[in-house]
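What follows is each chain in one-letter form.
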Amino acid sequence: MCIAWQHFTPWASLAGGMLIGLAAALLILFNGRIAGISGILGGLLRPRQGDLGWRIAFLAGLIVTPLLYPLWQALPSVQIDAGTPALIAAGLLVGVGVRYGAGCTSGHGVCGLSRLSPRSLAATIAFMAAGFLTVYLLRHL
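Everything in this summary refers to the structure shown in the same document. Keep in mind the model is a prediction, meaning the values are calculated, not measured.

1. Overview of the overall build of the protein
And then number 1: Regarding its fold elements, the protein presents six helices and zero strands.
And then number 2: Across the protein, helices and strands are ordered from the amino to the carboxyl terminus as α-α-α-α-α-α.
And then number 3: For the protein, the spread of C-alpha atoms along the three principal axes comes to 50 × 40 × 30 Å.
And then number 4: Counting the 141 residues in the protein, one finds 15% classified as buried.

2. Points about the nonpolar core
And then number 1: Listed in full, the seven residues of the largest apolar core are A24, L27, A35, I40, W54, L59 and C111.
And then number 2: For this core, the secondary structure elements donating two or more residues are helix 1 (10-31) and helix 3 (52-68).
And then number 3: Ignoring anything within four residues of it in the chain, the contact list for L59 reads I37, I40, L41 and L44.

3. A few points about the side chain of D51
And then number 1: Note that D51 resides in the loop between helix 2 (37-42) and helix 3.
And then number 2: You can call D51 buried: its relative accessible area is 4%.
And then number 3: At a separation of 2.9 Å, a polar atom in the side chain of D51 contacts the side chain of R55.

Parameters at a glance
- Residues take numbers from 1 onward in each chain, read along the sequence in its written order.
- Residues qualify for local features only when their pLDDT is at least 70, as the model is predicted, and side-chain atom pairs are given and counted only at 80 or more; totals for whole chains, interfaces and linings, by contrast, use all residues.
- Derived side-chain values reflect all non-hydrogen atoms in the structure, with water molecules and hydrogen atoms excluded from consideration.
- Runs of E in the DSSP output that reach at least two residues are strands. Runs of H or I that reach at least four are helices, and both are numbered from the N terminus.
- Think of it in three bands: residues with accessible area under 20% of the maximum for their type are buried, residues over 50% are exposed, and the middle band is partly exposed, with areas taken using a 1.4 Å probe on protein chains only.
- Note on terminology: a nonpolar core comprises buried Ala, Val, Leu, Ile, Met, Phe, Trp, Tyr and Cys residues joined through side-chain atoms within 4.5 Å.
- Throughout, a residue-residue contact means that at least one pair of heavy atoms, one from each residue, lies within 4.5 Å.
- For this analysis, a polar contact is any N or O atom pair within 3.5 Å, provided that within protein one partner can donate a hydrogen and the other can accept it, and provided that sequence-adjacent residues contribute only side-chain to side-chain pairs.

Right under this line is the structure:
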């Protein structure tokens, strides 16, 4: 294994993590909602009265921010080694896992763990273990 030290960005990563934590904290403080992306997106399918605006604003921020990023810094190059069928299969498996796990990595891993939720701890351990196992199987066997 080779570590690309020129791409090691601890300060940018720390700032990004702090912004994610701040956004999650503000959403739960001011709106009483968990910042789980799958739940926010899923709530658009059956919106409740007064529930649509913040969901659209949150998702719009996720879409608009990468579009604004190049105003400050060049976008990093991205290389995806998987083909389209593998990406579609992976996306479907993630979607199924989100439904069975009653939430996504952001909901359980960021918000649930910070609230000391045992269910989120179990879900986070499960999806991290599945990720480790998948990478090991695909890269080493």
